[in-house]
Protein chains: 2
Amino acid sequence: MAELVVLYKTPKDAAAFDKYYAETHIPLAKKLPGLKKYAISKGPVGTPAGPSQFHLIAILTFDSVGDIQKAFGTPEGKAAAADVPKFASGGVEMQIFDTKEV
Amino acid sequence: MAELVVLYKTPKDAAAFDKYYAETHIPLAKKLPGLKKYAISKGPVGTPAGPSQFHLIAILTFDSVGDIQKAFGTPEGKAAAADVPKFASGGVEMQIFDTKEV
């Protein structure tokens, strides 16, 4: 499998972020072709040292990195990517990788 | 469910990191009480803009953040945590959160 991990830094207005993410971004991202599973953090994100710099983390599962790349070449992928700057006011990091269970 | 996402920045010696991680750290981390699933990145980690600052990303799944916290209070958890500085020469970030599927 492969993961797209999206780490959203704490936004300027967390309530507005949460509302937009739930009502607008999730429906767009769920249309990504090849998406197998979509999980997001529920409640605060923590670290061993205390609160995280990240407000929300999303893990989107696909069959392969190739499928993730293909997804973002589609109209649905372009729409989801173009939506991110509309709400990710704190910045965002994305990590893409194939995985293996150990 | 809940995730412990461990992001290892590029180490000084990637081959030595990979060998130590596979031979020593995975066996220690697999002993974490309550661990349900353990997946790691296979091959390079990427970002939409190019190569990632991270060499390896591990996603460890538990039932809850409470279970993750409990795991690191056990001798097995302390041993796994104490092992990380022995190989994570580039630094490491850990993110801990409950999840929901959307």
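Computed from a predicted model, the values in this text were never measured in an experiment.

Q: Let's hear about the environment of A:Ala2: which residues, and what values?
A: Residue and element names in this part refer to chain A. Inspection of the secondary structure assignment puts Ala2 in strand E1 (residues 2-9). For the pair Ala2 and Thr61, spaced 59 residues apart in sequence, the C-alpha to C-alpha distance is 5.8 Å. Those residues in contact with Ala2 that lie beyond four places of it in its chain are Leu60, Thr61, Phe62, Asp63, Ser64, Val65, Ile68, Phe97, Asp98 and Thr99.

Q: Break down the pattern of salt bridges for me, with residues and values.
A: Close approach of charged atoms allows side chains with opposite charge to pair. All names here are of chain B. In total, this model carries 8 salt bridges over all chains according to the counting rule given. Among the salt bridges present, the one from Lys19 reaches Glu23, with a minimum N-O distance of 3.1 Å. Taken as a pair, Lys19 and Glu23 lie in helix H1 (residues 14-29) at a separation of 4 residues, close to a single helical turn. Exposure remark for Glu23: the relative accessible area of 52% places this residue in the exposed category.

Q: Can you break down the interface of chain B and chain A residue by residue, with the values?
A: Taken residue by residue, the interface counts 31 residues in chain B and 31 residues in chain A. With both chains or domains summed, chain B and chain A bury close to 2700 Å², and 65% of this area falls on carbon and sulfur atoms. At the boundary of chain B and chain A, one finds 0 salt bridges. Taken together, chain B and chain A are joined by 12 residue pairs in polar contact (both at pLDDT 80 or more). Where the side of chain B that touches chain A is concerned, the elements lending two or more residues are strand E1 (2-9), strand E2 (37-47), strand E4 (54-62) and strand E5 (92-101) of chain B. Among the elements that take part in the side of chain B that touches chain A, E2(B) stands out by supplying 10 residues, more than any other. Along the lines of polarity and charge, the residues of the side of chain B that touches chain A split into 16 nonpolar, 7 polar and 8 charged. As defined by bridge partners, strand E2 (residues 37-47) of chain A adjoins E5(B) across 5 bridges and the pair is classed as antiparallel. Within the sheet, the bridge partner assigned to A:Ala39 lies in E5(B) and is B:Glu101.

Q: Can you tell me about the relation of the copies chain B and chain A, naming the residues and giving the values?
A: For these two chains of identical sequence, chain B goes onto chain A by a turn of 180° and a shift of 0.0 Å along the axis, with RMSD 0.0 Å. In the structure described here, the two chain copies are related by an operation that fits a two-fold rotation axis. Mapped onto chain A, 100% of the interface residues of chain B are again interface residues, and the two copies thus contact each other with one and the same surface.

Q: Mind laying out the packing of helix H1 (residues 14-29) of chain A against helix H3 (residues 75-83) of chain A, listing which residues take part and the relevant values?
A: Residues and elements named next belong to chain A. Interhelical geometry of H1 versus H3 gives an angle of 155° and a closest axis separation of 8 Å. On the basis of the axis angle, H1 is roughly antiparallel to H3. Handedness of the H1/H3 crossing: left-handed. Within the contact between the two elements, H1 uses Tyr20, Thr24, His25, Leu28 and Ala29 and H3 uses Ala79, Ala80 and Asp83. Here the contact of H1 with H3 is built from residues that sort into 5 nonpolar, 2 polar and 1 charged.

Q: Account for the environment of B:Pro11, naming residues and giving values.
A: Residues and elements named next belong to chain B. Looking at the element boundaries, Pro11 is found in the loop between E1 and H1. In the structure, Pro11 is positioned 30 residues away from Ser41 in sequence and 15 Å away in space, judged by C-alpha atoms. Contacts of Pro11, omitting those with residues within four sequence positions, involve Phe17, His55, Ser89 and Gly90.

Q: If you had to explain the UniProt feature "domain: EthD" (unreviewed entry) in chain A to someone new, which residues and values would you point to?
A: Here, the residues flagged by UniProt with the feature "domain: EthD" (unreviewed entry) are residues 11-89 of chain A. Helix makes up 41% of residues 11-89 of chain A and strand 28%, whereas the separation of the span's terminal C-alpha atoms amounts to 5 Å.

Q: Report on the nonpolar core, specifying residues and quantitative values.
A: By size, the foremost hydrophobic cluster in this structure holds 25 residues, and its most contacted members are A:Tyr8, A:Tyr21, A:Leu32, A:Tyr38, A:Ala58 and A:Leu60. Those elements that place two or more of their residues in this core are E1, H1, E2, strand E4 (54-62), helix H2 (65-71) and strand E5 (92-101) of chain A. In this structure, A:Tyr21 is in contact with A:Tyr8, A:Ile26, A:Pro27, A:Tyr38, A:Ile40, A:Leu56, A:Ala58 and A:Phe87, ignoring residues within four places of it in sequence. By size, the runner-up hydrophobic cluster in this structure holds 23 residues, among which are B:Leu4, B:Val6, B:Ala80 and B:Ile96.

Parameters at a glance
- Residues numbered from 1 in each chain as written.
- Chains lettered and ligands numbered in written order.
- Predicted model: local features only at pLDDT ≥ 70, side-chain atom pairs only at ≥ 80, totals over all residues.
- Heavy atoms only, no water.
- Helix = DSSP H or I, 4+ residues; strand = E, 2+ residues; numbered from the N terminus.
- Contact = heavy atoms within 4.5 Å.
- Salt bridge = Lys/Arg side-chain N within 4 Å of Asp/Glu carboxyl O.
- Buried < 20%, exposed > 50% of the residue type's maximum accessible area, 1.4 Å probe, protein only.
- Buried area = accessible area lost by both parts, 1.4 Å probe.
- Polar contact = N/O pair within 3.5 Å; in protein donor to acceptor, adjacent residues only side chain to side chain.
- Nonpolar A, V, L, I, M, F, W, Y, C, P; charged D, E, K, R; others polar.
- Pairing = 2+ DSSP bridges.
- Least-squares fit on C-alpha atoms with pLDDT ≥ 70 in both.
- Axes fitted to C-alpha atoms, helices over the stretch in contact; angles between N-to-C directions.
- Parallel < 35°, antiparallel > 145°, perpendicular 65-115°, else oblique.
- Left-handed = near helix turned anticlockwise from the far one by under 90°.
- UniProt positions renumbered as here; feature names shortened; annotations may be inferred.
- Core = buried A, V, L, I, M, F, W, Y, C linked by side-chain atoms within 4.5 Å.

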